[in-house]
Amino acid sequence: MTLYIKMKTIQSQFDYITDISIGYWKSQALITAVELEIFTHLRKGWKSAASISKLIKTDKRATEILLDAMVSMKFLEKNGSVFKNSPISDCFLVEGLPYYQGNRIRLAKNLWNNWSNLGRAIQTGKPVAFDSACKKADPERLNVFISAMRDFAVIKSKQVAKIIDLSGRKRLLDLGGGPGSYAIEFAKANPELHAEVFDLNDVTKITKRFIKEAGMEKRVKIKSGECINDDYGKKE
């Protein structure tokens, strides 16, 4: 009995190390499925691997392997040769729905190389995250980053707006507000409140889109600039 318990413990510890060391396999599979918009294509129900591969223009056999991987990770369900989204995927991985988290997952891919250089950062004590950074922001990567910030805030911003009482307040300045999620939710929760999101010019172009999607253009505005160097504006 003692030997059995010991071997069971050893196996459990072995499995734990294995799961951690190859964890990125699962991450990459999910990232790929999101990038190929598999969950969005499955939003209306059951489809075969052949049907999906035709929609996303991929190899049928390789697509089926990826779909099976998503089943094993509980992101898809399978019945015979057809697949559909699991409840978690229908809620968080279908583009266009309120709680979509695909941009967070795309951001994880953009950070991949930085984490791959962790060993060099430990050896030198110097950051490696900005090795490939340009002075001018890459529009596509910036859009993914700000959209991911919106994904992070989609639930928390509503919770914060309920906890912090801004009743009676007329104006709010959101410094470095990114996607404007908190300014939008505070304005929604307080009908008399007008908010302004202050961030870099490249960022506020994206913020403007999110404000419009929320239907809050009249009470949530944007102001472009640098928080450290620029004037926030004067009382009007």
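Structure's up top.
Cut-offs applied
Residues numbered from 1 in each chain as written. Predicted model: local features only at pLDDT ≥ 70, side-chain atom pairs only at ≥ 80, totals over all residues. Heavy atoms only, no water. Helix = DSSP H or I, 4+ residues; strand = E, 2+ residues; numbered from the N terminus. Rg over C-alpha atoms; globule rule 2.2 N^0.38 Å. Buried < 20%, exposed > 50% of the residue type's maximum accessible area, 1.4 Å probe, protein only. Contact = heavy atoms within 4.5 Å. 1 Å grid on protein atoms, 1.4 Å probe; cavity = no way out; pocket = protein on both sides within 12 Å on 5 of 7 lines; lining within 4 Å. Points joined across faces, edges and corners; volume = space filled by probe spheres on them. Nonpolar A, V, L, I, M, F, W, Y, C, P; charged D, E, K, R; others polar. Pairing = 2+ DSSP bridges. Phe/Tyr/Trp six-rings, centres within 6.5 Å; stacked < 30°, edge-to-face > 60°. Salt bridge = Lys/Arg side-chain N within 4 Å of Asp/Glu carboxyl O. Core = buried A, V, L, I, M, F, W, Y, C linked by side-chain atoms within 4.5 Å.

Please explain the overall build of the protein chain as it appears in this structure.
Secondary structure assignment for the protein chain yields 12 helices and six strands. Here the C-alpha radius of gyration of the protein chain, 23 Å, is well above what a compact globule of 236 residues would show, namely 18 Å. Projected onto the principal axes, the alpha-carbon positions of the protein chain cover approximately 75 × 50 × 40 Å. Within the protein chain, the fraction of its 236 residues that count as buried is 31%. Counting only contacts in the protein chain whose residues sit at least 6 apart along the sequence, the fraction spanning at least 24 positions is 60%.

I'm lost on the layout of surface pockets in this one. Help?
It is a probe the size of a water molecule, rolled over the atoms, that shows where empty space is left. Within this model, the second largest pocket holds a volume of roughly 510 Å³. In terms of lining, the second largest pocket is formed by 24 residues, of which the most central are Pro98, Arg150, Val154, Phe210 and Glu213. At the level of secondary structure, the elements contributing two or more residues to the lining of the second largest pocket comprise helix 7 (102-110), helix 10 (139-163), helix 11 (181-189) and helix 12 (201-213). The dominant element in the lining of the second largest pocket, judged by the number of residues it contributes, is helix 10, at seven residues. Grouping the constituent residues of the lining of the second largest pocket by class yields 10 nonpolar, five polar and nine charged.

How do you make sense of the pairing of strand 2 (residues 76-79) when you look at a structure like this?
Within a regular beta strand, the side chains point alternately toward one face of the sheet and then the other, so they alternate between its two faces. Bridging between strand 2 and strand 3 (residues 82-85) involves four bridges; their strand directions are antiparallel. Of the residues in strand 3, the one forming a bridge with Leu76 is Asn85. Here strand 2 folds back onto strand 3 in antiparallel fashion, the turn holding two residues, of which Gly80 has a positive phi close to 70°.

How do you make sense of the packing of aromatic side chains when you look at a structure like this?
Describing an aromatic ring pair means giving the distance of the ring centres and the angle of the ring planes. One pass over the full model with this rule turns up three aromatic pairs. Where Tyr24 meets Trp112, the ring centres are 6.4 Å apart and the plane angle is 75°; that geometry is what we call edge-to-face. Here Tyr24 is found in helix 2 (residues 23-35), whereas its partner Trp112 is found in helix 8 (residues 112-116), with 88 residues between them in sequence. With a relative accessible area of 46%, Tyr24 lands in the partly exposed category.

How should I be thinking about the pattern of salt bridges in this particular structure?
Side-chain pairing between opposite charges can occur once the charged atoms of the two side chains come close. According to the stated counting rule, one finds nine salt bridges in the structure shown. Lys109 is the partner of Glu35 in a salt bridge, and the nearest nitrogen-oxygen pair spans 3.1 Å. Highlighted residues: Glu35 in helix 2 and Lys109 in helix 7, separated in sequence by 74 residues. Residue Glu35 is classed as partly exposed on the basis of its relative accessible area, which comes to 35%.

Hey, could you run me through unusual backbone geometry in this one?
Most of the time, phi is negative for any residue but glycine, and the peptide bond is trans. Positive phi, normally seen in glycine, also occurs at Glu37, with a value near 60°. Looking at the secondary structure, you find Glu37 in the loop between helix 2 and helix 3 (38-41). For Glu37, a relative accessible area of 33% translates into the label partly exposed. Even without glycine at this site, Lys74 takes up a positive phi of about 70°. Residue placement: Lys74 occurs in the loop between helix 5 (60-72) and strand 2. Judged by its relative accessible area of 64%, Lys74 is exposed.

Help me understand the sheet that holds strand 2 in this model?
The strands making up a sheet are joined through hydrogen bonds of the backbone, oriented either antiparallel or parallel. Spatial ordering of the open sheet is given by 1-3-2, a layout of three strands whose pairing is antiparallel. Sheet topology places strand 1 (47-48) and strand 2 at the edges, where each strand pairs with a single neighbour.

Whenever I open this one, the nonpolar core confuses me. Can you help?
Where a protein is soluble and globular, its nonpolar side chains tend to be buried together. Membership of the largest hydrophobic core comes to 20 residues, with the highest contact counts inside it found for Leu30, Val34, Ile38, Phe39, Met70, Leu76 and Leu93. Taken together, the elements giving at least two residues each to this core come down to helix 2, helix 3, helix 4 (49-56) and helix 5. When residues in this core are grouped by element, the largest group, five residues, is from helix 2. Not counting chain neighbours up to four residues away, the residues in contact with Met70 comprise Ala29, Leu30, Ala33, Phe39, Phe75 and Leu76. Within the second largest apolar cluster, 13 residues are counted, among which are Leu166, Phe186, Leu193 and Val220.

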